[in-house]
Amino acid sequence: MRLESNFVQKQQQTQSMKLMMTQQLSQSIAMLQFNMEDLTAFLEDKALENPLIEVIPGVDTAPDYTITTTRKKDNLAGADDSDWLEQIADTTMTLSDALKEQMQFLDMTSQQKLALLFLIESLDKNGYLQTELDVVASALLISEGDVLEMLETLQGFEPAGVGARDAKECILLQIQRHERAPDKAYELIRDYFEDFANKRWKKIADGLGIEMVDIQAISDFIITLNPKPGAEFESERVQYVVPDLVLQRDGDELRVKVAKQFLPRMKFQEGYFKMMQATQEKDVAAFLKEKAGEFDWLKKGLEQRESTIGRVGEAIVRHQREFFLHEGKHLQPLTLKEIAEEIDVHESTVSRAVNGKYMETVQGVYELKYFFSSSLTKKASEESDAGDVSSQSIKKLIQQFVNEENKLKPLSDQKIVEMLDDQSIQVSRRAIAKYRGELNIPSSSKRKRFV
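Definitions and cut-offs
Residues numbered from 1 in each chain as written. Predicted model: local features only at pLDDT ≥ 70, side-chain atom pairs only at ≥ 80, totals over all residues. Heavy atoms only, no water. Helix = DSSP H or I, 4+ residues; strand = E, 2+ residues; numbered from the N terminus. Buried < 20%, exposed > 50% of the residue type's maximum accessible area, 1.4 Å probe, protein only. Contact = heavy atoms within 4.5 Å. Arc of directions from axis to C-beta. Pairing = 2+ DSSP bridges. Phe/Tyr/Trp six-rings, centres within 6.5 Å; stacked < 30°, edge-to-face > 60°. Axes fitted to C-alpha atoms, helices over the stretch in contact; angles between N-to-C directions. Parallel < 35°, antiparallel > 145°, perpendicular 65-115°, else oblique. Left-handed = near helix turned anticlockwise from the far one by under 90°.

Right, let's talk about the overall build of the protein for a bit. In terms of regular secondary structure, the protein is built from 19 helices and 12 strands. Across the 451 residues that make up the protein, the buried fraction comes to 41%. The long-range share in the protein, meaning contacts at least 24 apart out of those at least 6 apart in sequence, stands at 64%.

Once that is clear, we can look at helix 9 (residues 201-208). Along helix 9, the positions that sit buried rather than exposed are Trp 201, Ile 204, Ala 205 and Leu 208. Projection of helix 9 onto a plane perpendicular to its axis shows the buried side chains occupying an angular sector of 100°, all on one side. Exposed residues lying more than 90 degrees from the buried face of helix 9 are Lys 202 and Asp 206. Those residues of helix 9 that are buried lie in contact with helix 8 (185-197) and helix 10 (212-222). Backbone geometry just after helix 9 places Gly 209 at a positive phi near 70°.

The omega torsion of the bond from Glu 158 to Pro 159 falls at 0°, within 30 degrees of zero and hence cis. As for its placement among the helices and strands, Pro 159 is situated in the loop between helix 6 (144-154) and helix 7 (167-177). Even without glycine at this site, Asn 440 takes up a positive phi of about 60°. Within the secondary structure, Asn 440 sits in the loop between helix 18 (429-438) and helix 19 (444-447). Using a relative accessible area of 39% as the deciding quantity, one classes Asn 440 as partly exposed.

Of the strand pairs in this sheet, strand 6 (residues 245-250) and strand 7 (residues 253-258) are connected by 6 bridges, and their pairing is antiparallel. Looking at the pairing, Val 246 lines up with Lys 257 of strand 7. Linkage of strand 6 to strand 7, two consecutive antiparallel strands, is achieved through a turn of 2 residues, within which Gly 251 is found at a positive phi near 70°.

Using the criterion set out here, one finds 12 aromatic pairs in the structure. Centroid distance Phe 268 to Phe 295: 5.1 Å. Interplanar angle 70°. Geometry classified as edge-to-face. With Phe 268 in strand 8 (residues 265-268) and Phe 295 in helix 12 (residues 282-319), this pair connects stretches of sequence that are 27 residues apart. The exposure class of Phe 295 is buried, given its relative accessible area of 6%. Here Tyr 366 and Phe 371 contribute two aromatic rings whose centre-to-centre distance is 5.5 Å and whose plane-to-plane angle is 55°, an arrangement assigned as tilted. Assessed through its relative accessible area of 17%, Tyr 366 is described here as buried. Under the relative-accessibility criterion, Phe 371 is labelled buried at 0%. Taken together, the ring pairs connect Phe 323, Phe 324, Tyr 366, Tyr 370 and Phe 371 into an aromatic cluster.

Now for the sheet that holds strand 6. Where strands meet in a sheet, backbone hydrogen bonds hold them as pairs that are either parallel or antiparallel. Strand order across the open sheet formed by 4 strands is 7-6-9-10, with mixed pairing between neighbours. The strands lining the two open edges of the sheet, one partner per strand, are strand 7 and strand 10 (364-367). Within the sheet, the average angular offset between the axes of one strand and its neighbour, ignoring direction, is 25°. In this fold helix 12 packs onto strand 6, strand 7 and strand 9 (358-361), with an angle of close to 160° to the strand it touches most, strand 7.

Time to look at the packing of helix 5 (residues 133-140) against helix 6. In the contact formed by helix 5 and helix 6, the axes pass within 8 Å of each other and the chain directions differ by 115°. By the criterion of interaxial angle, the relationship of helix 5 to helix 6 is roughly perpendicular. Between helix 5 and helix 6 lies a crossing whose hand is right-handed. Counting all contacts with helix 5, which are made through Leu 133, Asp 134, Val 136 and Ala 137, the residues of helix 6 involved are Glu 144, Val 147, Leu 148 and Leu 151.

As a further point, take the environment of Glu 232. Looking at the secondary structure, you find Glu 232 in the loop between helix 10 and strand 5 (238-240). Take Glu 232: its relative accessible area is 37%, and that puts it in the partly exposed class. Taking the C-alpha atoms as reference points, Glu 232 and Pro 159, separated by 73 residues in sequence, lie 9.0 Å from one another.

Time to look at helix 18. Listed in full, the buried residues belonging to helix 18 are Ala 431, Ile 432, Tyr 435 and Arg 436. The buried residues of helix 18 occupy an angular sector of 135° when the element is viewed end-on, so they sit on one face.

Written out as structure tokens, the structure reads:
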């Protein structure tokens with residue numbers, strides 16, 4: 001019986017150790033995947049459970065490192081996306097706040113105010129009404145006519161187009177209030193919205209009795225309008241990031257350093273440990289052993305995370321050396337598998353190491369996964385050696401071709417294939433269509449201008 005008891009005890013200890021190792025491995029993987037913010041939060045949670053851990057956050061550098069994002073307006077007429085680019089201004093005022101402020105200047109009954117407030121709170125982030133009028137009427141015990149009256153009041157507020165129920169109504173509201181709207185613009189959108197969006201311009205010209213040049217003028221006007229009037233009140237324009245790695249350059253020498261000053265650190269609570277140890281109680285000793293062990297493996301996990309990200313960063317710089325040394329150079333094709341084989345880790349480890357991690361360079365701050373792309377075969381020719389061209393580079397060329405094209409005769413996908421072939425780059429027409437879609441470039445028929 002004693003032997004059986006010992007066997008059961010050893011088996012339980014083995015299972016307990018395996019469980020602990022599994023948990024530690026799982027959390028080590030999580031630590032590698034965490035960005036700086038999540039890592040700090042993870043360690044602080046551990047500190048709440050473990051009195052031997054003190055977390056010292058890294059230096060707060062958010063104001064120094066930013067990635068500015070550019071939002072795009074929806075392109076109703078299929079024009080170049082560049083025509084619709086805009087920077088959304090920083091603001092602490094929400095759309096709801098702005099509309100409620102405008103309410104103050106109106107003479108309304110309490111019931112009208114209630115209905116107007118209900119409508120304002122029913123708008124989505126783009127300023128569109130997401131609730132049917134009969135639902136509002138039923139909820140407030142008033143007639144649909146009264147709700148419609150308040151909706152028309154709301155649609156008279158700034159920004160123009162707010163309170164619309166769809167994109168068509170939004171544009172119509174803006175045309176109505178625009179002093180320089182071209183003749184027939186309202187009728188065109190009202191009666192031929194889908195045809196206009198799909199550039200069936202001959203049908204529109206015949207229906208309205210106008211020339212192509214008139215439709216082009218209306219199109220040029222329409223793309224100056226905002227199909228998402230509420231979006232300008234979105235306050236988050238700038239994304240703050242803290243670099244995990246810093247690339248230093250000395251002539252042609254490149255060095256990658258882990259940005260340790262930004263990393264959270266752990267400190268062992270030695271005083272607490274000794275005080276509790278002095279009690280000499282068996283349960284306390286077991287507790288301290290467990291928590292001290294947790295501190296040790298967390299510290300090792302941090303060191304391993306730092307080492308892995310550093311090695312991945314060094315390997316990336318080796319592969320993309322020309323990109324960092326010479327401005328304007330394209331990225332070389334690079335896969336997670338190549339880096340994994342080079343530093344002798346699993347591909348999934350590299351994936352976790354690059355996701356949400358950033359490198360500060362002379363050219364700016366980049367997410368590590370930016371440096372990875374698929375490759376396309378480049379033909380051998382007299383002018384260039386055979387090799388690979390990254391999909392990133394192909395996209396840049398496509399964008400360049402489209403930017404420089406004759407808008408009266410925009411480039412077809414097949415023509416772009418031929419232009420790339422002239423540069424000894426082989427790409428299928430299907431691939432061009434795919435990359436064009438990823439670049440938000442409309443088809444040639446939708447890019448065509450008539451004047």
